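Descriptive analysis of the structure
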Amino acid sequence: MNMLNIKILNIARISWLGILIIISFSYKGNAPEDITLKERFKDHFLIGSAINRHLFSDEDNLELAIVKKHFNTITAENEMKWGPIHPKPDEYNFEPADIIADFGKKNNMLIIGHTLIWHNQTPKWVFENKEGNPADRETLLKRMKEHIQKVVGRYKENVHGWDVVNEALDEDGKLRQSSWMKIVGEDYIAKAFQFAHEADPEAELYYNDFSLENKPKREGAIKIVKNLQSQGIKIDAVGLQGHYKMDWPTPAQLDSTIKEFAALGIKVMITELDIDVLPYKDISAEVTLNMEMQEKYNPYKDGLPDSVQVSLAQRYKDLFEVFVENKNSVDRVTFWGVTDKDSWLNYWPVRGRKNYPLLFDRNGKPKQAFDAVVKTVEIN
Ligand code: XIL
């Protein structure tokens, strides 16, 4: 080989190297590690998850790393509920909620307050007088006002919106006969919204409930919204909790639910999304399963079969297609938990089952459902 040939060969080698370098720098891969949910849905809706205080016991927490990477909004799973935050008449326990709010603030996330007025996770003393009999209307309203002022007031700078009233309806669309309802009467809902608005005029205010995809209950919620609107009381959105099953609701049902609420001039939020893959019919809450029941009601204790993994991915795809299509009305989609490991569905309605309701598996790896979800929008 003469000198000229060697030179040409070297030039060719260098150019190839250059081209390779350029290619590798300009290549925008769509390998799963590159994809983040918040980037993918940035033109559609906010995307978030519930987090809880237990995640903060470990500095290199897997779930928190996922939250930072994928989500732009968070909700406290339990820490802002009446019981945890206001356990006794003169005792507030803000620390766990503060940890969550600080995390959200530090990471530029929108923080959702959950929840001010609910029948669950509310201590008995709230509804009782000194003698242990039911409190009267005035006392309960006074407590409600004081609680809302204190909690909403504390997070005024940080919380973007509040689930003011949670689960006020029965399946038939009538108001649930909770202690709030029995003692105060049906205007407890309006009062709660008024107090919340007074405490933070800037905050968004939501009515949050499950099964609103079913007609009777949806009609009940529409009544609540219209009633508030007719009195000039601020309500910004309805929260569909989104605790879905593999066979409920249908995409069409979900689609018409979103459209009916949007027609009222409010936003729609999916506030507690998860999909239960375990059998749920004929099962009562809070039972401990015996061996025979384990087989039947806890079928995937050794792992999720591929076929179910695929159906779950398809199910997530079907639902996200509806959210994406309604992106002008759907403002936020929040998952109820981060990985399958920390989902409440492992212990509700039955303790000790292994469920697979979220997009990240027990090791924090994106599941097939994750891929299916991100594919519902075009890559820019
Ligand atoms: C659940 C939490 O995830 C559990 O940790 C807790 O033990 C019970 O409450 N609807 C709601 C949520 O509005 O607050 C509930 O969260 C799930 C159902």
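Residues numbered from 1 in each chain as written. Predicted model: local features only at pLDDT ≥ 70, side-chain atom pairs only at ≥ 80, totals over all residues. Heavy atoms only, no water.

1. What to know about the site of the ligand
- Every one of the 14 residues lining the ligand counts as a neighbour, but E77, K81, H114, E272 and Y347 are closest to it.
- The side chain of H114 places a nitrogen or oxygen atom 2.7 Å from an oxygen atom of the ligand.
- In the model, an oxygen atom of the ligand is placed 3.3 Å from a nitrogen or oxygen of the Q121 side chain.
- Most atoms of the ligand, that is more than half of them, are within 2 Å of grid points of the largest pocket.
- Residues of the shell around the ligand, tallied by class, amount to four nonpolar, six polar and four charged. (Near = heavy atom within 4 Å. Polar contact = N/O pair within 3.5 Å; in protein donor to acceptor, adjacent residues only side chain to side chain. 1 Å grid on protein atoms, 1.4 Å probe; cavity = no way out; pocket = protein on both sides within 12 Å on 5 of 7 lines; lining within 4 Å. Sits in = over half its atoms within 2 Å of the grid points. Nonpolar A, V, L, I, M, F, W, Y, C, P; charged D, E, K, R; others polar.)

2. Focus: the pairing of strand β9 (residues 330-335)
- For β9, the tally of buried residues reaches five of six residues, placing the bulk of the element in the interior.
- In this sheet, β9 lies alongside strand β1 (residues 46-51) in parallel orientation, the contact comprising four bridges. By the bridge assignment for β9, G48 is matched with T334.
- In this structure, strand β8 (residues 267-276) lies alongside β9, joined through four bridges in parallel fashion. Across the sheet, the residue bridging to M269 is R332, located in β9. (Buried < 20%, exposed > 50% of the residue type's maximum accessible area, 1.4 Å probe, protein only. Helix = DSSP H or I, 4+ residues; strand = E, 2+ residues; numbered from the N terminus. Pairing = 2+ DSSP bridges.)

3. Describing unusual backbone geometry
- With an omega dihedral of -10°, the bond running from W248 to P249 counts as a cis peptide bond.
- Inspection of the secondary structure puts P249 in the loop between β7 (243-245) and α10 (251-262).
- In this chain, W348 is followed by P349 through a cis amide linkage whose omega measures 0°.
- The topology assignment puts P349 in the loop between β9 and α13 (368-374).

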